[in-house]
Amino acid sequence: KEAAEKVLEGWEGNPEHAETLAALVGVDLGRCSRIAVAEELFQRALNGRRSRVGANARSLASIHHLFGIFLHDAGRLDEAETELRRALALPSHS
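Notes on the structure in this doc start here. In this text the structure is predicted, and so the values were computed from the model without any measurement. (Residues numbered from 1 in each chain as written. Predicted model: local features only at pLDDT ≥ 70, side-chain atom pairs only at ≥ 80, totals over all residues. Heavy atoms only, no water.)

1. Some points on helix 4 (residues 61-73)
Alright, step 1. In this model, helix 4 (13 residues) spans 18 Å end to end at C-alpha, consistent with the 18 Å of a helix rising 1.5 Å per residue.
Alright, step 2. Inspection of helix 4 places Ala61, Ile63, His64, Leu66, Phe67, Gly68, Phe70 and Leu71 among the buried residues, and these make up the whole buried set.
Alright, step 3. Of the residues trailing helix 4, Gly75 is marked for its positive phi of about 80 degrees. (Helix = DSSP H or I, 4+ residues; strand = E, 2+ residues; numbered from the N terminus. Expected span 1.5 Å × (residues − 1). Buried < 20%, exposed > 50% of the residue type's maximum accessible area, 1.4 Å probe, protein only.)

In C-alpha cells, the structure reads:
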C-alpha cells in the first residue's frame, strides 16, 4: 500500500504522529512529483494540528516549515515564503 494511504488509515488512532508523518511523507511525495497528494497531506496535517492545539501553537511550526520546503521544491516561491514565515512567527513556547 502507498505510504499516503497508510498515514490516512492511522489518523484516528494517533493524530499527532499521523500529522507529523503526513508532513514528512508530503515532502517525499513532492520530490516524486505527486504534488496533489502531497499537498493534501500537508493541508490535512495543518488542519488537524490546528484544530487540536490552536492556531498559534508552536507545534505547528514544523509542519509549516516542511510545507514551505515542499512548496519551494515545487517552484511555488511566494507560497513557500508564506509558510516559512508562518513557522517563524509562531511563539517560541506554547
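2. Thoughts on helix 5 (residues 77-89)
Alright, step 1. Given a rise of 1.5 Å per residue, 13 residues ought to cover 18 Å, and the 18 Å separating the end C-alpha atoms of helix 5 matches this to within 8%.
Alright, step 2. Restricting attention to buried positions, one finds in helix 5 the residues Ala80, Glu83 and Ala87. Mapping the buried residues of helix 5 onto a view down its axis gives an arc of 65 degrees, with all of them on the same face. Across from the buried face of helix 5, at angles greater than 90 degrees, the exposed residues are Asp78, Arg85, Leu88 and Ala89.
Alright, step 3. In this structure, the buried side of helix 5 is in contact with helix 3 (35-53) and helix 4. (Arc of directions from axis to C-beta. Contact = heavy atoms within 4.5 Å.)

3. Structural notes on the packing of helix 4 against helix 5
Alright, step 1. Their axes nearest at 8 Å, the elements helix 4 and helix 5 cross at an angle of 165 degrees. As judged from the angle between their axes, helix 4 and helix 5 are roughly antiparallel. Crossing geometry of helix 4 relative to helix 5 is assigned as left-handed. Between helix 4 and helix 5, the contacting residues are Ala61, His64, His65, Phe67, Gly68, Leu71 and His72 on the first element and Leu77, Glu79, Ala80, Glu83, Leu84, Arg86 and Ala87 on the second. (Axes fitted to C-alpha atoms, helices over the stretch in contact; angles between N-to-C directions. Parallel < 35°, antiparallel > 145°, perpendicular 65-115°, else oblique. Left-handed = near helix turned anticlockwise from the far one by under 90°.)

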